[in-house]
Amino acid sequence: MFKKQPETINDQRRHLLTGAAATAGLSMVQLPFMQVAQAAGAGTIAAPALAPIKQIRAGELDVGYFEAGPGDGKPVILLHGWPYDIHSYAEVAPLLAAVGYRVIVPHLRGHGTTRFLSASTFRNAQQAVVALDILALMDALNIEKAILAGYDWGARTANIIAALWPQRCKAMVSVNGYLINNLERNKLPLPPAVEHGWWYQFYFATDRGQAGYEKYRREFANLIWKVNSPTWQFDEATFERSAASFDNPDYVRIVIHNYRWRLSLAKGDPKYDALEQRLAAGPVIGVPTITIDGDADGVAPASDGTAYASKFSGKRTHRIFKGVGHNLPQEAPQEFARAVIEVDSY
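In what follows, the accompanying structure is described. (Residues numbered from 1 in each chain as written. Predicted model: local features only at pLDDT ≥ 70, side-chain atom pairs only at ≥ 80, totals over all residues. Heavy atoms only, no water.)

**Comments concerning the pattern of salt bridges**
- Here the structure, examined in full by the defined rule, presents 14 salt bridges.
- The shortest N-O distance in the salt bridge between Asp250 and Arg123 comes to 3.0 Å. You can see Asp250 sitting in the loop between α11 (236-243) and α12 (251-262) and its partner Arg123 sitting in the loop between β5 (115-116) and α4 (127-140), a full 127 residues away along the chain.
- In this structure, Glu214 engages Arg217 in a salt bridge whose closest nitrogen and oxygen atoms are separated by 2.2 Å.
- One continuous salt-bridge network, built from bridges that share partners, spans Lys54, Glu67 and Arg102. (Salt bridge = Lys/Arg side-chain N within 4 Å of Asp/Glu carboxyl O. Helix = DSSP H or I, 4+ residues; strand = E, 2+ residues; numbered from the N terminus.)

**With respect to the packing of aromatic side chains**
- Using the criterion set out here, one finds 31 aromatic pairs in the structure.
- Relative to Tyr213, the ring of Phe204 lies with its centre 4.8 Å away and its plane at 50°, an arrangement referred to as tilted.
- Judged by relative accessible area, Phe204 falls into the buried class, the value being 0%.
- By relative accessible area, Tyr213 is classed as buried at 0%.
- Considering the side-chain rings of Tyr308 and Phe312, the 6.0 Å spacing of their centres and the 65° angle between planes classify their relative orientation as edge-to-face.
- For Tyr308, a relative accessible area of 11% translates into the label buried. (Phe/Tyr/Trp six-rings, centres within 6.5 Å; stacked < 30°, edge-to-face > 60°. Buried < 20%, exposed > 50% of the residue type's maximum accessible area, 1.4 Å probe, protein only.)

**Description of helix α13 (residues 273-280)**
- Taken as a whole, α13 has its buried residues at Leu275, Glu276 and Leu279. The arc that holds the buried residues of α13, viewed along the axis, is 95°, so those residues lie on one side. Seen from the buried face of α13, the exposed residues on the opposite side, beyond 90 degrees, are Ala274 and Gln277.
- Here the buried face of α13 lies against α4, α5 (153-164) and α12. (Arc of directions from axis to C-beta. Contact = heavy atoms within 4.5 Å.)

**Details of the packing of α4 against α5**
- Packing of α4 against α5 leaves a shortest axis separation of 9 Å and a crossing angle of 75°. By the angle class used here, α4 and α5 are roughly perpendicular. Where α4 abuts α5, its residues Gln127, Ala128, Val130, Ala131, Ile134 and Leu135 lie against Arg156, Thr157, Ile160 and Ile161.
- In terms of residue class, the contact of α4 with α5 is built from seven nonpolar, two polar and one charged. (Axes fitted to C-alpha atoms, helices over the stretch in contact; angles between N-to-C directions. Parallel < 35°, antiparallel > 145°, perpendicular 65-115°, else oblique. Nonpolar A, V, L, I, M, F, W, Y, C, P; charged D, E, K, R; others polar.)

Here it is in structure tokens:
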């Protein structure tokens, strides 16, 4: 009688890519990951918290991060946005780890257990420095090259690394496409309907806004979650799991600086001026990429991806996820995991 051979990692990845039951090919040892996938698909049971959190000194920071999968697996770095945290990948991380990837999910500066090494360090959140944080983390973890995937702040960070340090990025998944900031372009007014979606940036530009954010950071984040993802029915436990990351002592300063810097209302660090000039020029990304939009995104309406097509010179595929909002990996974890695996094959 023919005996079925054990599935290889590539077989398991193929199941995750092509099957509606994304984890059907996993072994009994990996059964917990099947349960995670089923919970994600059902949308009723929250995945467990990402734990334990490891700490490592990298650049200016003591970075808190979650790691899963084999230590010799192909590295994937999953980058969260605002106002969210590493738990945007609570379902994605175990799915990728189950098929052999080494998955790293770091708290960005000002979030979770990530801390500045020095009290005197400028609490800077300009786009260049957040990308440099991830490069420093890769160096500290001895990761030469990784697949980068992210949304919001995380997608921008992945874009910057892919554009300026392509030797460190094997491939990329980027929600909302090309997000590298140009400060001069950011000064230009937009139609009122578009400006309305960025109302919080103008609120943060005021002292009242900073004080209000300090006092109501949880209420603020909860509102943004609902506005950004109107179809996402998250429960209180899911929100509170991420909201704990907003208790970081530098959280408010980092968020406020990021948005004021974008509007040229706060200065960055002059030592990054040359780097920001390169980014302002809109560097082209040559690494293989999948760009994704959610058609229920309350802040960044879905597009066909052609507006920024000239910013990608390598192989690129654009996708629109139906019924999904801004926090795309948490709202559609199996589809996001499949995108990571697919772009790895490009």
